[in-house]
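Here's the letter readout for the chains.
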Amino acid sequence: IAQKTQAVKDYISSIFGKYTISGQVFSGDEMTEAVFIYSETGKLPAISGYDLGPVAWNEAKTENIQKAIEWHNNSNGLVEFMWSVIMPVNVNDYTKGTGRWQSDFNKAGRNIDFLNTIIPGTREYEIFNQQLETVAANLKKLQIYDIIKG
């Protein structure tokens, strides 16, 4: 186990049953949740969560990556990531970083078969793997900044 990882494990073990470690997944660019938590408690969460979905959808949308780096460097807190996989409304009319997605998730007329994301040769598989490669590249960037371990 890496030295930093061992230190986190040791800390968590030392407070087990005595204290609670709080975390927060941030939903926007302004991190309004952190501001609210700090204004109410005088403390910031120990764990900060971010979604890789936007960067997977559009490589230029690296705000969450940058915020995670800043959070880690400035607060010495732990960083957590999730990946909300984003698939287009119409798989036949998809160019990475474009198209409708979030608000149209359950829209009638969606022509995507989510099971196809694991079947090579399908359009869904191609789209999913494009996003997976982008997520992997950004995780490597976080590894360089010593935020995650490989």
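All of these numbers come straight from a predicted model, not from anything done at the bench. (Residues numbered from 1 in each chain as written. Predicted model: local features only at pLDDT ≥ 70, side-chain atom pairs only at ≥ 80, totals over all residues. Heavy atoms only, no water.)

1. Some thoughts on the pairing of strand β3 (residues 78-82)
Strand residues, when the strand is regular, have side chains that alternate between the two faces of the sheet. The following threshold applies: Using a 1.4 Å probe on the protein chains alone, a residue whose accessible area is under 20% of its type maximum counts as buried, one over 50% counts as exposed, and one in between counts as partly exposed. Here a helix means four or more residues in a row that DSSP labels H or I, a strand means two or more in a row labelled E, and each is numbered from the N terminus. We treat two strands as partners when DSSP finds at least two bridges between them.
Here β3 shows a clear split, with Val 79 and Phe 81 buried on one side and none of Leu 78, Glu 80 and Met 82 buried on the other. When strand β2 (residues 47-51) meets β3, the two strands line up parallel, connected through five bridges. Along β3, the bridge assignment pairs Ser 48 with Val 79.

2. Examining the packing of aromatic side chains
Applied cut-off: Stacked, edge-to-face and tilted are the three classes for Phe, Tyr and Trp ring pairs, Trp counted by its six-membered ring, which pair at centre distances within 6.5 Å; planes under 30 degrees apart are stacked, over 60 edge-to-face, the rest tilted.
Tallying each qualifying case throughout the model produces two aromatic pairs. Seen in terms of ring centroids, Tyr 50 and Phe 81 are 6.0 Å apart; in terms of plane orientation they differ by 40°. Their pairing is tilted. Of this pair, Tyr 50 sits in strand β2 while Phe 81 sits in strand β3, placing them 31 residues apart in sequence. Phe 81 carries the same exposure label as Tyr 50, and that label is buried. Taken together, a centroid distance of 5.4 Å and an interplanar angle of 15° make the contact between Trp 83 and Phe 128 stacked.

3. Here's the deal with a nonpolar patch on the surface
Rules: To count toward a patch, a residue needs a relative accessible area above 30% and no salt bridge. Like charges then connect within 9 Å, nonpolar side chains (Val, Leu, Ile, Met, Phe, Trp, Tyr) within 5 Å. For the accessible areas, the method is Shrake-Rupley and the probe is 1.4 Å, while residue cover comes only from the protein chains on display. One side-chain nitrogen of Lys or Arg within 4 Å of one carboxyl oxygen of Asp or Glu is enough to make a salt bridge.
A cluster of nonpolar side chains, Val 8, Tyr 11, Ile 12, Ile 21 and Leu 78, forms an exposed patch at the surface whose accessible area comes to about 390 Å². Tracing the backbone shows Val 8 in helix α1 (residues 3-15). Residue classification places Val 8 among the partly exposed positions, given a relative accessible area of 31%.

4. Some remarks on unusual backbone geometry
One non-glycine residue, Asn 76, lies in positive phi territory at about 60°. In this fold, Asn 76 is placed in the loop between α4 (63-75) and β3.

5. Focus on the pairing of β2
The element β2 is extensively covered by neighbouring structure, given that four of its five residues are classed as buried. Note: strand β1 (residues 23-25) against β2, three bridges, orientation parallel. Residue Val 25 lies in a different strand from β2, and its bridge partner there is Gly 49.

6. Quick look at the pattern of salt bridges
Two side chains with opposite charge may pair up if their charged atoms get near one another. What the rule picks out here adds up to one salt bridge. Between Arg 123 and Glu 126 there is a salt bridge, with the nearest N and O atoms lying 2.8 Å from each other. You can see Arg 123 and its partner Glu 126 sitting in helix α5 (residues 123-144), three residues apart, about one turn around the helix. Under the relative-accessibility criterion, Glu 126 is labelled partly exposed at 40%.

7. Let's talk about the nonpolar core
One broad trend across soluble globular proteins is that nonpolar side chains are buried collectively. Where we set the bar: Within this scheme, the nonpolar core is defined by two criteria: the residues are buried Ala, Val, Leu, Ile, Met, Phe, Trp, Tyr or Cys, and they are joined through side-chain atoms within 4.5 Å. Only heavy atoms matter for contacts: two residues are in contact if any of them lie within 4.5 Å across the pair.
If you look at the biggest cluster of nonpolar residues, it comprises 16 residues, and the most contacted ones within it are Tyr 50, Val 79 and Phe 81. Those elements that place two or more of their residues in this core are α3 (53-57), α4, β3 and α5. When residues in this core are grouped by element, the largest group, four residues, is from α4. In this structure, Val 79 is in contact with Ser 48, Tyr 50, Ala 68, Trp 71, His 72 and Ile 147, ignoring residues within four places of it in sequence. Counting seven residues, the second-largest nonpolar core is a separate cluster that includes Trp 57, Ile 86, Val 91 and Tyr 94.

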